[in-house]
Amino acid sequence: MFDKILIANRGEIALRVIRACREMGIRSVAVHSTADADAMHVRMADETICIGPAPGTDSYLSIPAIIAACEVTGAQAIHPGYGFLSENARFVQALEDHGLTFIGPSAEHIRTMGDKITAKETAANLGIPVVPGSTGGVGSVEEAKKIGADFGYPVIIKATAGGGGRGMKVAASEAEMESAFLTARAEGKAAFGNDEVYIEKYLQKPRHIEIQVFGDGQGGGVHLGERDCSLQRRHQKVFEEAPGPSISPEERARIGKICADAIAKMGYSGAGTIEFLYEDGEFYFIEMNTRLQVEHPVTEAIFGQDLVREQILVASGNKLSFSQDELEINGHAIEVRINAERLPNFSPSPGKITQYHAPGGLGVRMDSALYDGYKIPPYYDSLIGKLIVHGRDRTEALARLNRALGELIVDGVDTTVPLFHALLREKDVHTGDYNIHWLEKWLEAGG
Ligand code: ADP
């Protein structure tokens, strides 16, 4: 086992990793930018090291600075969290070259899944159902129109390098194809330096269902059920739950087994998430994320497993510590993402926290790096906390969420808390009757 792990991240996820390290008796190293000298992850870690100025590109995304920090502190392994360098194959390769262990999958698996076209091809070859669409990249408007005619409109044109909801355009008819195709291409080029695009049938009312998988790189692969993340704004998740209210135990077992078998066959190592759209009882693969997800705590809650601990165990060469048969669902969990944002436009709201009080009590977990007097810097993501509740069933989890949101105090900045209070007044949220478009439509209608 490692003696010392460096966490190449900040905020709540850095704390999450420090907590797992401490329980395992492993020393933790926090890296930070100059803007984060007073951040909670710096206060909580065993050792700290400044790796550069405020902008992420000069600090948390600087591969040389992070490798140098490992050398200075003697850390043997790096946990990347999510975002930043967590899905950067070049980073993983550089660590390997320096004899450092990346807590995550191989550079090759990250590369394959980071390109959505090769990811989809790989998934299809492993027997995972995919969204009908073009075979590989689409090079011209003429070709795009031919595919649109074959599959029938609407279709979605997606940048193969896309992420974070960028580089996607819907064409409702052939008349819209040219402009949608050229825009998706231009966005891919501008945001990711890659203008390759592909085309998929646009599903009209799907839910977003993702399967948590784990592999040990030694032929072992399991799934930990699904999360439903259908409540999205601009393709970004805001409310996540497990299990999915629309998924039956039989469906879970069937799609879960397909995913677990695929992971075992690939020789995949560590945590991963296979994302699907789910419509009329069918699953359609859209992408795979080769890292820990923001919403992993809902899975931890219902399975009673520590996914970060498992990542560390697997990275240090252990086999999976649980078998599929040992994984049993207990109750229902919901997570809401608390962002420092001003409603109704969700514009960033950085600044000083004048008062912070975290909710508590039975079945409540608050993952946050906030404290009284903390100044949220304007340079990074607006996520400031994740409130996770666990109950015996969905009704109890919703009641607990309502109760915990009422206890939470975050003064000094605007947050997305009022959004969740409003959502909890909606009948559809209580019945679980929504698809990926519900939240956008509800916001457009004035919330
Ligand atoms: P990103 O990598 O940018 O997150 P994804 O491929 O994961 O992109 O898609 C993000 C979201 O976009 C999905 O959760 C869904 O809301 C929407 N989406 C993607 N593909 C389709 C499709 N074929 N039909 C309908 N909606 C889609």
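Rules behind the numbers
- Residues numbered from 1 in each chain as written.
- Predicted model: local features only at pLDDT ≥ 70, side-chain atom pairs only at ≥ 80, totals over all residues.
- UniProt positions renumbered as here; feature names shortened; annotations may be inferred.
- Pairing = 2+ DSSP bridges.
- Helix = DSSP H or I, 4+ residues; strand = E, 2+ residues; numbered from the N terminus.
- Contact = placed C-beta atoms within 7 Å.
- Axes fitted to C-alpha atoms, helices over the stretch in contact; angles between N-to-C directions.
- Near = placed C-beta within 6 Å.
- Buried ≥ 20, exposed ≤ 12 C-beta atoms within 10 Å, placed from the backbone.
- Arc of directions from axis to C-beta.
- Parallel < 35°, antiparallel > 145°, perpendicular 65-115°, else oblique.
- Left-handed = near helix turned anticlockwise from the far one by under 90°.

Named according to an unreviewed UniProt entry, the chain is Biotin carboxylase originating from Thalassococcus lentus. For the chain, the Function (unreviewed entry) comment in UniProt is given as "This protein is a component of the acetyl coenzyme A carboxylase complex; first, biotin carboxylase catalyzes the carboxylation of the carrier protein and then the transcarboxylase transfers the carboxyl group to form malonyl-CoA." Quoted straight from UniProt, the Pathway (unreviewed entry) entry for the chain says "Lipid metabolism; malonyl-CoA biosynthesis; malonyl-CoA from acetyl-CoA: step 1/1."

*Asks:* What is the right way to look at the sheet that holds strand 3 (residues 47–52) in this model?
*Replies:* Pairing between sheet strands relies on hydrogen bonds along the backbone, with the strands arranged either parallel or antiparallel. The parallel open sheet is built from five strands, whose spatial order is 3-2-1-4-5. Only two strands of the sheet have a single neighbouring strand rather than two, namely strand 3 and strand 5 (101–102). Pairing of strand 4 (residues 77–79) with strand 5, which is carried by two bridges, proceeds in the parallel orientation. Across the sheet, residue Ile78 finds its bridge partner in strand 5, namely Phe102. Lying on the sheet, helix 3 (residues 63–73) is in contact with strand 1 (4–7), strand 2 (27–33), strand 3 and strand 4; it crosses strand 3 at an angle near 150°.

*Asks:* What's the story with the site of the ligand in this structure? I'm lost.
*Replies:* Taken together, 18 residues are adjacent to the ligand, and Glu200, Leu203, His235, Ile286 and Ile436 come closest. For the shell around the ligand, the secondary structure elements donating two or more residues are strand 6 (155–163), strand 12 (269–279) and strand 13 (282–289). Broken down by element, the shell around the ligand gets its largest block of residues, three residues, from strand 6.

*Asks:* What am I meant to see in the environment of Leu100 here?
*Replies:* Relative to the helices and strands, Leu100 resides in the loop between helix 4 (89–97) and strand 5. The exposure class of Leu100 is partly exposed, given the 18 C-beta atoms found within 10 Å. For the pair formed by Leu100 and Arg394, sequence separation is 294 residues and the distance between their alpha carbons is 43 Å.

*Asks:* Would you explain helix 5 (residues 107–114) in this entry?
*Replies:* Residues separated by three or four positions in an α-helix point in the same direction, a consequence of the helix having 3.6 residues per turn. When helix 5 is considered as a whole, its buried residues turn out to be His109, Ile110, Met113 and Gly114. An end-on view of helix 5 places all buried positions within 125° of arc, on one side of the element.

*Asks:* Just checking my understanding: could you explain the sheet that holds strand 8 (residues 197–201) for this structure?
*Replies:* Reading across from one edge, 7-6-8 is the order of the three strands in this open sheet, with antiparallel pairing throughout. Edge strands, defined here as strands with exactly one partner in the open sheet, are strand 7 (166–171) and strand 8. Across the sheet, the mean angle separating the axes of adjacent strands is 25° when strand polarity is ignored. Two strands pair when backbone bridges link them, and strand 6 and strand 8 are joined in this way by five bridges, in the antiparallel orientation. When the sheet's bridge partners are listed, Ala159 is paired in strand 8 with Val197. Here helix 8 (residues 174–192) sits on the sheet in contact with strand 6, strand 7 and strand 8, set at roughly 175° to strand 7.

*Asks:* Quick question: what am I supposed to make of the UniProt feature "domain: Biotin carboxylation" (unreviewed entry) in the chain here?
*Replies:* Here, UniProt's "domain: Biotin carboxylation" (unreviewed entry) annotation points to residues 1–444. Secondary structure over residues 1–444 splits into 35% helix and 29% strand, and the C-alpha atoms at its two ends are 51 Å apart.

*Asks:* What should I look at first to understand the packing of helix 7 (residues 141–151) against helix 8 in this one?
*Replies:* In a pair of packed helices, the angle between the axes and the distance between the axes together describe the arrangement. Packing of helix 7 against helix 8 brings their axes to within 10 Å, and their N-to-C directions diverge by 135°. Between helix 7 and helix 8, the angle falls in the class oblique. Considering how the two elements wind past one another, helix 7 and helix 8 form a crossing that is right-handed. From helix 7, Val141, Ala144, Lys145 and Gly148 reach across to helix 8, where they touch Glu174, Met177, Glu178 and Phe181.

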